[in-house]
Amino acid sequence: MTPILATVNYSEPWWIQIIKALVIFAVGLQLIPLVLLAERKMLGRFQGRYGPNRVGPFGVMQPLADIIKLATKESFRPRTSVGFIFMAAPAISIITAVATLAIVPFGNTVDIFGTKVGLYGVDPSIGILYAFAFGGIAFYGLMLGGWASGSKYSFLGAMRSAAQLISYEISQGLALVGVVMLAGSLSLTEIVDAQATQGWFIVPQIVGFVVFLVAGFAETNRAPFDLPEADAELVGGYITEYGGGGFTSFFFAEYLNVIVVSAITVTVYLGGWLLPFGWHTPGLAMPFIVIGKTCLLIFLFIWVRATLPRLRYDQLMSLGWKILLPIATINTLATAVMVVT
Amino acid sequence: MLNSYLPAIVFLLLGGVVGTAFALMNGIFGPKTNRRSASKTSPYECGLPSDVQQGFRFGISFYMIAMLFILFDIEVIFLYPIAVKLKEFGAFALVETSIFVALLFVGFGYVWRRGALSWR
């Protein structure tokens, strides 16, 4: 019988699979408040102020204070909203963000108490396409959320984010084709293994890396591409009518997406769990290396947000279509020539 | 087959749990008073009386972008299987891919010249 699902390279007994999924999810969940706090502290420093420093030592309890505040808000939706979709849309955003976390490889298979365990959620042979598939569904979260609010600001924000996401998804996909050609595989662990022999892909694929990163900023609705939530013109974009829980969900999903995009960039271009200069990576140190590199990239996200002004919408569209798309295509063809010859 | 995808299913379920928890948390922890008035439940507007409507119209540019997206996303999807096997297929696949991309870029140039990529 032809299998319906893509083959998985390695899988453990079911109980290990459940435990490791829970552990990775817990780690991902812990990273979100850290990133949130780091962003606010660093933005403060970038702008010559302190950032949050009142709640707990050095303001470290600030995310907790935020979540308590958001949780104790009144449950509310505008009378123009389409109830069920209005409630479901933030959940769609979260589900897709969490599901994408499953393919981030934090390491290769290692021995833990005599059992071989893969330090990733799941390693399907389609790897990257899994991330793109859920990225495509994530778009429904924003779109339905904005539409179901019944407010024109929400609706315009949703339309904008929809057009932005699909425009940049093409460049992002094309940028990765070069990596897939070099590695000869879509599986993220095999891409890292290929980098062990060929060197990190950021060297031959520097153009692809830049395109992927710029598209990644746009895909996660981060500055300077945070047009959907451009507060000067669209109030809050697609989250205008959301408060409390819905707002929390969208922000949770946004920060988780930043983490996942950074982690995938690390895996694909920056050698994943490999150390530079050919140093050997000890098995259980792999997750720390991946998380360390991911944190550096997240710092880049924050740095860019503090530095660059927001683009105008027509500039955003022409950057995506007239600059990134041709560059990504030429990069793909050049890589193809390089691989074949 | 499916059991090797167990972690992915667990992640989906966890995402659902977190999403549901966030959706329900205001109902549990929030204030229970339910005083609603017309102005409170109307959608956001700045200064003007809120113009409540459900059917919005929006620019044709969004449709153009959506159509172009389908075209070029299919290009990307076609390139992926070739990319995986490029080393085995060699020069043949390279020539085929180049012709495919070149043909698509004739269309891209046409669309560009006609101004579909300029946002209005």
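Peer 1: Which parts of the structure should I look at to understand the overall build of chain A?
Peer 2: Looking only at helices and strands, chain A has eleven helices and two strands in total. Listed by position from the N terminus, the elements making up chain A come as α-α-α-β-β-α-α-α-α-α-α-α-α. Its C-alpha atoms give chain A a radius of gyration of 20 Å, within 12% of the compact-globule value 20 Å for 341 residues. Relative to all contacts within chain A whose residues are 6 or more apart in sequence, the contacts with residues 24 or more apart total 76%. Only carbon and sulfur atoms are counted for the fraction: they give 70% of the accessible area of chain A, which is about 13500 Å². Averaging the positions of the 19 positive and the 17 negative side-chain charges in chain A gives two centres separated by 10 Å.

Peer 1: Looking at this structure, how should I read a nonpolar patch on the surface?
Peer 2: The grouping of Trp-14, Trp-15, Ile-19, Val-23 and Val-27 of chain A at the surface amounts to a nonpolar patch, some 530 Å² of accessible area in total. Tracing the backbone through its elements, the reader meets Val-27 of chain A in helix α1 (residues 14-46).

Peer 1: What am I meant to see in the confidence of the model for chain A here?
Peer 2: A low pLDDT score tells you not to read the predicted coordinates there in detail. The predicted model of chain A has a mean per-residue pLDDT of 84, with 96% of residues at 70 or higher. Mean pLDDT across the elements of chain A bottoms out in helix α8 (residues 231-234) of chain A (68) and peaks in helix α7 (residues 206-219) of chain A (90).

Peer 1: When you look at the interface of chain B and chain A in this model, what are you seeing that I'm missing?
Peer 2: One widely used convention gives an interface's size as the accessible area the parts lose upon coming together. Counting from both sides, the interface comprises 67 residues of chain B and, opposite them, 89 residues of chain A. Both sides together, the interface formed by chain B and chain A hides about 6800 Å², and carbon and sulfur atoms give 75% of it. Considering only the surface of chain B that becomes buried against chain A, Tyr-5, Phe-11 and Tyr-80 of chain B emerge as the three largest contributors, covering 11% of it. Along the contact surface separating chain B from chain A lie zero salt bridges. In this assembly, chain B and chain A are joined by six residue pairs in polar contact (both at pLDDT 80 or more). If you list the elements that add at least two residues to the side of chain B that touches chain A, you get α1 (6-29), α2 (38-41), α3 (60-84), α4 (86-89) and α5 (91-113) of chain B. At 17 residues, α1 of chain B tops the list of elements feeding residues into the side of chain B that touches chain A. Among the residues making up the side of chain B that touches chain A, the classes are represented as 43 nonpolar, 17 polar and seven charged.

Peer 1: Mind showing me how you'd approach the domain arrangement of chain B here?
Peer 2: We note that the domain assignment places domain 1 (2-41) and domain 2 (60-113) within chain B. When each unit is reduced to the centre of its C-alpha atoms, the spacing between domain 1 of chain B and domain 2 of chain B is 40 Å.

Peer 1: Would you mind going over the packing of helix α2 (residues 62-71) of chain A against α1 of chain B with me for this structure?
Peer 2: Packed helices, taken two at a time, are described by the angle between their axes plus the distance between the axes. Packing of α2 of chain A against α1 of chain B brings their axes to within 8 Å, and their N-to-C directions diverge by 70°. As judged from the angle between their axes, α2 of chain A and α1 of chain B are roughly perpendicular. Taking contact as the criterion, the partners of Ile-67, Leu-70 and Ala-71 of chain A in α2 of chain A are, on α1 of chain B, Phe-22, Met-25, Asn-26 and Phe-29 of chain B. Of the residues contributing to the contact of α2 of chain A with α1 of chain B, the split by class is six nonpolar, one polar and no charged.

Peer 1: What am I meant to see in the side chain of Thr-96 of chain A here?
Peer 2: Residues and elements named next belong to chain A. Structurally, Thr-96 can be placed in helix α3 (residues 83-101). A polar contact of 2.9 Å, which involves the side chain of Thr-96, links it to the backbone oxygen of Ser-93. Among all residues touching Thr-96, those that are not within four sequence positions of it are Phe-134, Ile-137 and Ala-138.

Peer 1: Any chance you could explain the side chain of Ser-171 of chain A here in plain terms?
Peer 2: Relative to the assigned elements, Ser-171 of chain A resides in helix α5 (residues 152-183). Once you skip the residues sitting within four places of it in the chain, Ser-171 of chain A turns out to touch Val-211, Gly-320, Leu-324, Leu-325 and Ala-328 of chain A.

Peer 1: What is the right way to look at unusual backbone geometry in this model?
Peer 2: Comment: phi is negative for the bulk of residues other than glycine, and the bulk of peptide bonds are trans. Residue and element names in this part refer to chain A. Positive phi values are uncommon outside glycine, yet Phe-58 reaches one of about 55°. Positionally, Phe-58 belongs in the loop between α1 and α2. Phi is positive for Asn-221, which is not a glycine, with a value near 55°. Mapped onto the fold, Asn-221 is located in the loop between α7 and α8.

Peer 1: For this particular structure, what's the right way to read the pattern of salt bridges?
Peer 2: The tally for this structure, following the rule as stated, stands at five salt bridges over all chains. In this structure, Arg-312 of chain A engages Asp-314 of chain A in a salt bridge whose closest nitrogen and oxygen atoms are separated by 2.9 Å. Overall, the relative accessible area of 28% leaves Asp-314 of chain A in the partly exposed class. Here Lys-85 of chain B makes a salt bridge to Glu-88 of chain B, at a shortest N to O gap of 3.2 Å. Judged by its relative accessible area of 39%, Lys-85 of chain B falls in the partly exposed class.

Peer 1: Explanation requested: the packing of helix α4 (residues 128-148) of chain A against α5 of chain A in the structure shown.
Peer 2: Remark: α4 of chain A packs on α5 of chain A, axes separated minimally by 8 Å, with the N-to-C direction vectors making an angle of 170°. Considering the angle they form, α4 of chain A stands roughly antiparallel to α5 of chain A.

Peer 1: Mind showing me how you'd approach the nonpolar core here?
Peer 2: Across soluble globular proteins, nonpolar side chains show a tendency to be buried alongside one another. Residues Leu-176, Tyr-269 and Trp-321 of chain A together with Tyr-80 of chain B are the most contacted members of the largest nonpolar core, which totals 116 residues. Per-element tally for this core: the top contributor is α5 of chain A, with 15 residues. Summarising the domain contributions, this core has at least three residues from each of domain 1 (2-41) and domain 2 (60-113) of chain B. Excluding its chain neighbours within four sequence positions, the residues that come into contact with Trp-321 of chain A are Ser-167, Ile-170 and Pro-326 of chain A together with Ile-65, Leu-68, Phe-69, Phe-72, Phe-108 and Leu-117 of chain B.

Peer 1: Can you help me understand the confidence of the model for chain B in this one?
Peer 2: Residue and element names in this part refer to chain B. Per-chain confidence: chain B averages 81 in pLDDT, with 90% of residues scoring 70 or above. Of all helices and strands in chain B, the one with the weakest mean pLDDT is α2 (74), whereas α5 scores best (88). Among the prediction metrics, the complex's ipTM stands at 0.85, with pTM recorded as 0.89.

What counts and how
Residues numbered from 1 in each chain as written. Chains lettered and ligands numbered in written order. Predicted model: local features only at pLDDT ≥ 70, side-chain atom pairs only at ≥ 80, totals over all residues. Heavy atoms only, no water. Helix = DSSP H or I, 4+ residues; strand = E, 2+ residues; numbered from the N terminus. Rg over C-alpha atoms; globule rule 2.2 N^0.38 Å. Contact = heavy atoms within 4.5 Å. Areas by Shrake-Rupley, 256 points an atom, 1.4 Å probe, with all protein chains shown as cover. Lys, Arg positive; Asp, Glu negative; His and termini not counted. Charge placed at Lys NZ, Arg CZ, Asp CG, Glu CD. Patch = residues over 30% accessible without salt bridge, like charges linked within 9 Å, V, L, I, M, F, W, Y side chains within 5 Å. Salt bridge = Lys/Arg side-chain N within 4 Å of Asp/Glu carboxyl O. pLDDT = per-residue confidence, 0-100. Buried area = accessible area lost by both parts, 1.4 Å probe. Polar contact = N/O pair within 3.5 Å; in protein donor to acceptor, adjacent residues only side chain to side chain. Nonpolar A, V, L, I, M, F, W, Y, C, P; charged D, E, K, R; others polar. Domains from an automatic or database assignment. Axes fitted to C-alpha atoms, helices over the stretch in contact; angles between N-to-C directions. Parallel < 35°, antiparallel > 145°, perpendicular 65-115°, else oblique. Buried < 20%, exposed > 50% of the residue type's maximum accessible area, 1.4 Å probe, protein only. Core = buried A, V, L, I, M, F, W, Y, C linked by side-chain atoms within 4.5 Å.

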